[in-house]
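# Structural overview for review
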Amino acid sequence: MEGYRKIERTSVPDQIFEELKKSIIAGKWEPGESLPSEIQLASEFGVSRMSVRAAIKKLETFGLVEVRMGEGTYVIEFNPAVFIKGLSSIFSKPKSALEILEFRKALEIECLKLGIKRADDHDIEILESIFSEYWKALFSEDYKKTVNYDYKFHHQVFLMSNNSLFKEIYESMSELFFIHLGDNEQHYRDAYGSSNQRAEEDHHGRILKAFKNRDQQAAVNAFTKMIDELVEVYEKKSGDDQGSK
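Structural notes, computed from the coordinates.

Thresholds, definitions, all that
- Residues numbered from 1 in each chain as written.
- Predicted model: local features only at pLDDT ≥ 70, side-chain atom pairs only at ≥ 80, totals over all residues.
- Heavy atoms only, no water.
- Axes fitted to C-alpha atoms, helices over the stretch in contact; angles between N-to-C directions.
- Helix = DSSP H or I, 4+ residues; strand = E, 2+ residues; numbered from the N terminus.
- Parallel < 35°, antiparallel > 145°, perpendicular 65-115°, else oblique.
- Left-handed = near helix turned anticlockwise from the far one by under 90°.
- Contact = heavy atoms within 4.5 Å.
- Nonpolar A, V, L, I, M, F, W, Y, C, P; charged D, E, K, R; others polar.
- Core = buried A, V, L, I, M, F, W, Y, C linked by side-chain atoms within 4.5 Å.
- Buried < 20%, exposed > 50% of the residue type's maximum accessible area, 1.4 Å probe, protein only.
- Pairing = 2+ DSSP bridges.
- Expected span 1.5 Å × (residues − 1).

Here we take up the packing of helix H5 (residues 97-118) against helix H7 (residues 143-160). Two elements in contact, H5 and H7, have axes whose closest approach is 7 Å; the angle formed by their N-to-C orientations is 60 degrees. Classified by the angle between their axes, H5 and H7 sit oblique to one another. Crossing hand, H5 versus H7: left-handed. Facing H5, whose interface residues are Arg104, Leu107, Glu108, Cys111, Leu112, Leu114, Gly115 and Arg118, H7 presents His154, Val157, Phe158 and Met160. Tallied by class, the residues present in the contact of H5 with H7 amount to seven nonpolar, two polar and three charged.

Rendered as structure tokens:
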């Protein structure tokens, strides 16, 4: 190994992590190639093996390397899903509901715009089929099926963007989004009872209609109204909870 500076004795694992990350990004080691051993890295950096091990653990968390017991540490093809999935549980707490809505709004609006332009007729037929099942589940008061088809509806929107990164983000955060959509449905039912059925049809149905008409603005307007309504529901619930204390 050449070109590394000796590590200062401050946040040593983080400094090692940054140095190794830069090297990996620069292509010093290609996917499938192994990093030098912990002993070699410790000697090169002038640090303990424990510090190197902590840095490698961080690289593994970020989805940059894979540690194989008894074999060594290997560079892998970076997949954003690995990193995002590791973070998704952090945001699944109820206090983060509004942040999730804001995050979804930023992502899904762009997916809607792309999907309107890129989706073919078959894609839209799939969305329509999912909506049909969603609508039946909603009217039959089948909570589990409603949430399941709600998830599939929005998943299909992400797929229709024909952007692999949007697809990876949605699928890597599937557990978070599924829990989130379940919470949304429960909050709707608590706030509006059965009257939320017509409001829900208006939102999802209008998005579907916008795809059929290839109308970007109508799709964005329908989705924005959906999110804004959910924000109001959560804020009202938060206010009610505070008032009851």
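This is not the end of the story, as more comes after the structure.
Glancing now at the nonpolar core. Leu112, Leu127, Phe153, Val157, Ile207, Phe211 and Phe223 are the most contacted members of the largest nonpolar core, which has 44 residues in total. When residues of this core are traced back to their parent elements, those giving at least two are H5, helix H6 (121-139), H7, helix H8 (164-172), helix H9 (174-192), helix H10 (196-213) and helix H11 (216-243). No other element matches H5, which puts nine residues into this core. Membership of the second largest hydrophobic core comes to 18 residues, among which are Leu35, Leu41, Ala55 and Ile56.

With that settled, consider the pairing of strand E2 (residues 72-75). Here four bridges tie strand E1 (residues 65-68) to E2, and the two strands are oriented antiparallel to one another. Looking at E2, one finds that Val65 is bridged to Val75. Connecting the antiparallel pair E1 and E2 is a turn made up of three residues, with Gly70 showing a positive phi of about 80 degrees.

So, on to helix H1 (residues 12-25). The terminal C-alpha atoms of H1, which comprises 14 residues, lie 20 Å apart, in line with the 20 Å expected from a rise of 1.5 Å per residue. For H1, the set of buried residues is Val12, Gln15, Ile16, Phe17, Glu19, Leu20, Ser23 and Ile24. Where H1 is buried, its residues contact helix H2 (38-45), helix H3 (49-61), E1 and E2. Following H1 by one or two positions, Gly27 has its phi on the positive side, about 90 degrees.

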